[in-house]
Amino acid sequence: MTKPERYKHFVEYFSQHQPDAETELHYASPYQLLVAVILSAQCTDKRINQVTPALFERFPTPQALAASTSDEVFNYIRSVSYPNNKAKHLVGMAKMLVEDFNGEVPSGIGELQKLPGVGRKTANVIASVVFDEQAIAVDTHVFRVSNRIGLTTNAKTPLAVEKQLMKYLPKDAPRIAHHWLILHGRYICLARSPKCEVCPISWFCKYYEQTHTEAALKKVEAVKLKKAKDQKKKHALNKISKELKKRSVDKNG
């Protein structure tokens, strides 16, 4: 199957089955989403949604957050990954919003990336979700699933994945494709044990094609058989070794 064909099937399937896919982070304003996305780095959305209600109640605006300290913010986010760094980033981000952007979240990816704690991925999330820009943020799920399905080829970095996706996706698709890939990676195409047996898109997935063809299955079976033989041989050698030791003891005794 060619790459354009995979893209066609990918867009057609998810357009029909997940036409309204969106972020699972809870937020009520661009500022709140920015905070949530910064916190979500290497952490689950579920955990972030547990932390942000109290955080937003205490710091409802960039001004309130900017007037705080990283030590105070830490107390609200101590259960997320890397809370010390993220607390510093949040306060620094809020101060820059107030001082340089009149307390408003900027729409430009370049301007967003100037904010502490905001890399290209976070900037793309804000640009696409808040400002409806056709951008695609590449997190671990997007990176993994794109490569597995076969949407990308030899893409070794998030930027390489982003460029290939932007090149081949229809112009109106990157914004929602980001969510399709994340949700598929979060619930079906898991990192360690992908649920290929229940995956609805396995029929055009390159990974499935490589691992579930007759030849691939035979190869797996051959490896299992060899492992079983090796274990049997090891067991037999151990048995012989024990018998020899026993005879040696009896002879010396």
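Scroll up a little and you will see the structure.
Fair warning: this is a prediction, and the values are worked out from it, not measured in the lab.

Here is what the cut-offs are and how they apply
Residues numbered from 1 in each chain as written. Predicted model: local features only at pLDDT ≥ 70, side-chain atom pairs only at ≥ 80, totals over all residues. Heavy atoms only, no water. Helix = DSSP H or I, 4+ residues; strand = E, 2+ residues; numbered from the N terminus. Expected span 1.5 Å × (residues − 1). Bend = angle between axes of the 7 residues up to and from the residue. Buried < 20%, exposed > 50% of the residue type's maximum accessible area, 1.4 Å probe, protein only. Contact = heavy atoms within 4.5 Å. Core = buried A, V, L, I, M, F, W, Y, C linked by side-chain atoms within 4.5 Å. Patch = residues over 30% accessible without salt bridge, like charges linked within 9 Å, V, L, I, M, F, W, Y side chains within 5 Å. Areas by Shrake-Rupley, 256 points an atom, 1.4 Å probe, with all protein chains shown as cover. Salt bridge = Lys/Arg side-chain N within 4 Å of Asp/Glu carboxyl O.

**Student:** An account of helix α3 (residues 45-58) is needed here, citing residue identities and associated values.
**Tutor:** For α3, spanning 14 residues, the distance from its first C-alpha to its last is 20 Å, which sits close to the expected 20 Å at 1.5 Å a residue. Maximum bend of α3: about 35 degrees, positioned at Thr52, with proline Pro53 one to four residues after it. Taken as a whole, α3 has its buried residues at Asp45, Ile48, Asn49, Val51, Thr52, Leu55 and Phe56. Against α2 (30-40), α5 (70-77), α6 (83-101) and α11 (174-187) lie the buried residues of α3.

**Student:** Describe the nonpolar core, with residues and values.
**Tutor:** Ranked by internal contacts, the top residues of the largest apolar core, which has 35 residues, are Leu34, Val35, Leu65, Val73, Ile77, Leu90 and Met93. Mapped by element, the contributors of at least two residues to this core are α2, α3, α4 (62-66), α5, α6 and α8 (120-129). Broken down by element, this core gets its largest block of residues, eight residues, from α2.

**Student:** Can you break down the environment of Leu39 residue by residue, with the values?
**Tutor:** Tracing the backbone through its elements, the reader meets Leu39 in helix α2. By relative accessible area, which is 0% here, Leu39 ends up buried. Sequence-wise, Leu39 and Ala127 are 88 residues apart; in three dimensions their C-alpha atoms are separated by 17 Å. Not counting chain neighbours up to four residues away, the residues in contact with Leu39 comprise Ile48, Thr52, Leu55, Ile77, Val80, Lys86 and Leu90.

**Student:** Give a description of a nonpolar patch on the surface that names residues and reports values.
**Tutor:** On the surface, a cluster of nonpolar side chains totalling about 310 Å² of accessible area is made up of Leu237, Ile240 and Leu244. Inspection of the secondary structure assignment puts Ile240 in helix α13 (residues 214-252). Judged by relative accessible area, Ile240 falls into the partly exposed class, the value being 48%.

**Student:** Outline the pattern of salt bridges, supporting the account with residue identities and numerical values.
**Tutor:** Tallying each qualifying case throughout the model produces seven salt bridges. The partner of Lys8 in a salt bridge is Glu12, with the nearest N and O atoms 2.8 Å apart. Of this pair, Lys8 and Glu12 both sit in helix α1 (residues 3-17), four residues apart, roughly one helical turn. Note that Arg186 is salt-bridged to Glu24, the shortest N-O span being 2.5 Å.

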